[in-house]
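Topology and contacts: notes
So you can see what is in the structure, the chains are spelled out below.
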Amino acid sequence: MSLDMQNESVQNEVLLRLKNVKGHIAGIERMVEEHQACSNVMIQLSAIRSSIEKIGIYILENNAIECLCNELDQKPEDKQKVEQIVKQMISFLK
């Protein structure tokens, strides 16, 4: 199963968030080069990890149901079950 981001706004949001993470990484590189305190670097690394997790949840939230249901010839009630499970997973991850 491939990541299918047919919704252009979802794709744009994911790319924007990834570019933001890339900017954070560049900032951390500068912090290391400038010999800043390890505690400050760790705080920034924690922020990046949190951002990556949020990107994953965003992708899951916006694409999981379509990806799971498009692969199968399902009845409407099957799709409702998939939606319920995905919502439960997202709730647990947050």
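Structure first, text after, so check above.
Reading the values: the criteria
- Residues numbered from 1 in each chain as written.
- Predicted model: local features only at pLDDT ≥ 70, side-chain atom pairs only at ≥ 80, totals over all residues.
- Heavy atoms only, no water.
- Core = buried A, V, L, I, M, F, W, Y, C linked by side-chain atoms within 4.5 Å.
- Buried < 20%, exposed > 50% of the residue type's maximum accessible area, 1.4 Å probe, protein only.
- Helix = DSSP H or I, 4+ residues; strand = E, 2+ residues; numbered from the N terminus.
- Phe/Tyr/Trp six-rings, centres within 6.5 Å; stacked < 30°, edge-to-face > 60°.
- Lys NZ or Arg CZ within 6 Å of the ring centre and 35° of its normal.
- Expected span 1.5 Å × (residues − 1).
- Arc of directions from axis to C-beta.

The next thing to look at is the nonpolar core. By size, the foremost hydrophobic cluster in this structure holds 10 residues: Val-10, Val-14, Val-21, Ile-28, Met-31, Val-41, Ile-48, Ile-55, Tyr-58 and Ile-59. The set of elements that each furnish at least two residues to this core consists of helix H1 (8-33) and helix H2 (38-70). With seven residues, the next largest nonpolar core counts Ala-64, Ile-65, Cys-69 and Val-82 among its residues.

Inspection of the secondary structure puts Met-31 in helix H1. When the C-alpha atoms of Met-31 and Gln-44 are compared, they prove to be 9.6 Å apart, with 13 residues separating the residues in sequence.

Evaluation of the coordinates by the stated rule reveals zero aromatic pairs. The ring of Tyr-58 carries the charged tip of Arg-17 above its face, separated from the ring centre by 4.3 Å.

Moving on, we come to helix H3 (residues 76-93). Helix length check: H3, at 18 residues, gives a terminal C-alpha distance of 26 Å against a target of 26 Å (1.5 Å per residue), a fit within 8%. Among all positions in H3, only Val-82, Val-86 and Ile-90 are buried. Buried residues of H3, viewed axially, fall in a sector of 70°; they line one side. Exposed residues on H3 whose side chains face more than 90 degrees from its buried face are Gln-80, Lys-81, Lys-87, Ser-91 and Phe-92.

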